[in-house]
Amino acid sequence: MLAVTVATPVVVAGQASAATTLTVAQALAAQDGRTATVTGYIVGQPTSSTTVLTANYTADTAIAIADAATETSTSRMLYVQVTAGWRTGFGLLTNPSLRGRQVTATGALTAYFSHGGLKSPTALSLGGGTSPSPTPSPTPTGGPYDSTYYAGAIGKTGPALRSSLHAIIRVQSKLTYDQVWEALKDTDQDPANANNVILLYTGRSQSKSSNGGGADDWNREHVWAKSHGDFGTATGPGTDVHHLRPEDVSVNSLRGNKDFDSGGSAVAEAPGCYTDADSFEPRSAVKGDVARMILYMAIRYEGGDGWPNLEPNDSVSNGTAPYLGRLSKLLAWNELDPPDAFEQRRNQRIYERWQGNRNPFIDHPEWARAIFG
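Residues numbered from 1 in each chain as written. Predicted model: local features only at pLDDT ≥ 70, side-chain atom pairs only at ≥ 80, totals over all residues. Heavy atoms only, no water.

## As for the overall build of the chain
Here comes step 1: A count of helical and extended segments in the chain gives ten helices and 20 strands.
Here comes step 2: For a compact globule of 373 residues, the expected C-alpha radius of gyration is about 21 Å, and the chain comes in at 22 Å, within 12% of that figure.
Here comes step 3: Considered along the principal axes of its C-alpha atoms, the chain spans approximately 70 × 45 × 40 Å.
Here comes step 4: For the chain, the proportion of its 373 residues judged to be buried stands at 54%.
Here comes step 5: Sequence separation of at least 24 residues holds for 62% of the intrachain contacts in the chain that already meet a minimum separation of 6. (Helix = DSSP H or I, 4+ residues; strand = E, 2+ residues; numbered from the N terminus. Rg over C-alpha atoms; globule rule 2.2 N^0.38 Å. Buried < 20%, exposed > 50% of the residue type's maximum accessible area, 1.4 Å probe, protein only. Contact = heavy atoms within 4.5 Å.)

This is how it looks when you write it as structure tokens:
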């Protein structure tokens with residue numbers, strides 16, 4: 001069954017006519033940034049340029065649409081970004097029954113996941129007609145800390161949001177490197193076994209008491225590798241629990257100071273992780289966690305306090321410079337793996353018991369794009 005096909009769009013000053021509704025095929029052929037309305041059938045959740053989930057959805061951040069509800073080729077699918085204001089109504093994790101339904105979207109025809117896409121939707125509706133709604137705010141309110149902790153940041157975007165968040169989260173208690181051991185035993189406690197912690201990359205539940213330097217012990221992994229800025233383990237970024245996690249000693253060593261990216265060889269002790277000469281890919285369940293920790297560090301450490309100005313970039317060859325990549329991949333992971341209960345609980349524990357500050361990208365994942373593009 002095909003979506004209704006209408007006349008080829010009239011292009012005026014780089015935009016399709018507002019009265020024209022495109023098919024998916026037409027939208028895929030018009031990836032030039034114009035604003036257009038497209039009608040198609042929801043066929044799944046895109047997770048990469050060549051992968052679309054049709055069950056067991058992982059996020060509400062994107063849908064793939066096609067001219068036929070039975071389409072299986074990603075080359076004939078349009079990837080539609082589902083921004084924060086639309087997720088409760090159109091995200092497949094929340095609404096799995098939407099698969100196969102016809103949808104109409106208005107937004108910018110531009111690549112998403114390096115694939116033909118529609119981004120920043122201004123209207124989404126079920127069926128073949130448009131029913132525009134107000135453009136959702138890039139920083140929606142409603143979180144439990146919006147009126148208090150984040151009061152100075154709500155409603156802002158871009159550099160103003162970044163500056164406000166830095167001023168908020170830099171107010172914190174600082175731990176020694178020895179205190180980090182006890183903090184991690186609390187923040188990363190296994191919800192199913194109070195005697196254990198969950199290791200970041202391996203996902204293994206391991207006794208809290210087996211921390212140390214032995215091959216199968218767990219130690220303190222600096223997710224922002226401490227050599228990227230040469231800040232070591234002195235009190236400061238080297239002891240900030242928002243980016244320190246328990247990890248198997250040998251897996252921690254294997255990751256070393258590599259940047260984050262996709263691909264490589266499988267890591268035997270950490271199922272779902274991959275690595276090559278210059279990058280490390282964490283398992284899917286913590287990709288977003290890793291991304292949000294990196295972005296937190298970039299906002300918290302802006303060159304003051306005697307520490308380097310940490311900044312994510314799109315490189316995987318940063319050496320000892322205060323940079324860490326790959327930013328484009330981290331932003332995608334932030335959307336593909338939204339905060340779960342474990343990560344949210346961890347953020348709360350750090351705030352209440354250890355440092356008195358929060359990771360804003362766990363409370364507001366949409367702020368990642370609002371700041372870093």
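## Quick look at empty space enclosed by the protein
Here comes step 1: Throughout the structure, instances matching the rule amount to two cavities of 30 Å³ or more.
Here comes step 2: Its boundaries defined by the atoms lining it, the largest cavity holds a volume of some 70 Å³.
Here comes step 3: As for the largest cavity, its lining consists of His242, Arg245, Asp289, Met293, Glu343, Arg346, Asn347, Ile350, Asn359 and Ile362.
Here comes step 4: Elements represented by at least two residues in the lining of the largest cavity include exactly helix H6 (287-300) and helix H8 (341-354).
Here comes step 5: When residues of the lining of the largest cavity are assigned to their parent elements, the largest contribution, four residues, is made by H8. (1 Å grid on protein atoms, 1.4 Å probe; cavity = no way out; pocket = protein on both sides within 12 Å on 5 of 7 lines; lining within 4 Å. Points joined across faces, edges and corners; volume = space filled by probe spheres on them.)

## Things to note about helix H3 (residues 158-169)
Here comes step 1: Taking 1.5 Å per residue as the helical rise, H3 with its twelve residues ought to reach 16 Å, and the 17 Å between its terminal C-alpha atoms agrees with that figure.
Here comes step 2: Along H3, the residues that are buried comprise Gly158, Leu161, Arg162, Ser164, Leu165, His166, Ile168 and Ile169.
Here comes step 3: Those residues of H3 that are buried lie in contact with H6, strand E19 (311-312), helix H9 (360-363) and helix H10 (367-372). (Expected span 1.5 Å × (residues − 1).)

## Quick word on the layout of surface pockets
Here comes step 1: Put simply, the second largest pocket is a space of about 710 Å³.
Here comes step 2: At seven residues, helix H7 (residues 327-336) tops the list of elements feeding residues into the lining of the second largest pocket.

## Concerning the confidence of the model for the chain
Here comes step 1: Overall, the predicted model of the chain reaches an average pLDDT of 89, with 91% of residues at or above 70.
Here comes step 2: The model gives residues 1-19 a pLDDT under 50, and that stretch makes 36 contacts with residues more than four places away or in other chains. (pLDDT = per-residue confidence, 0-100.)

## Examining the sheet that holds strand E10 (residues 189-190)
Here comes step 1: With respect to topology, three strands assemble into an open sheet ordered E10-E11-E12, the strand pairing being antiparallel. Because the sheet does not close on itself, it has two edges, and the strands there are E10 and strand E12 (205-207).
Here comes step 2: As paired strands, strand E11 (residues 193-198) and E12 are joined by three bridges and run antiparallel to one another. Bridge pairing links Ile198 to Ser205 in E12. (Pairing = 2+ DSSP bridges.)

## Details of the side chain of Asn196
Here comes step 1: Topologically, Asn196 is positioned in strand E11.
Here comes step 2: A polar contact of 2.9 Å, which involves the side chain of Asn196, links it to the side chain of Ser205.
Here comes step 3: When neighbours within four sequence positions are excluded, Asn196 is seen to be in contact with Asp188, Gln189, Asp190, Ser205, Gln206, Ser207 and Lys208. (Polar contact = N/O pair within 3.5 Å; in protein donor to acceptor, adjacent residues only side chain to side chain.)

## Quick word on the environment of Gln172
Here comes step 1: Take Gln172: it is sitting in the loop between H3 and helix H4 (177-187).
Here comes step 2: When its relative accessible area of 14% is taken as the criterion, Gln172 is described as buried.
Here comes step 3: When the C-alpha atoms of Gln172 and Tyr351 are compared, they prove to be 8.8 Å apart, with 179 residues separating the residues in sequence.
Here comes step 4: Setting aside residues no more than four positions away along its own chain, Gln172 makes contact with Asp240, Tyr296, Arg300, Tyr301, Gln355 and Asn357.
Here comes step 5: A distance of 2.5 Å separates polar atoms of two side chains, one belonging to Gln172 and the other to Arg300.

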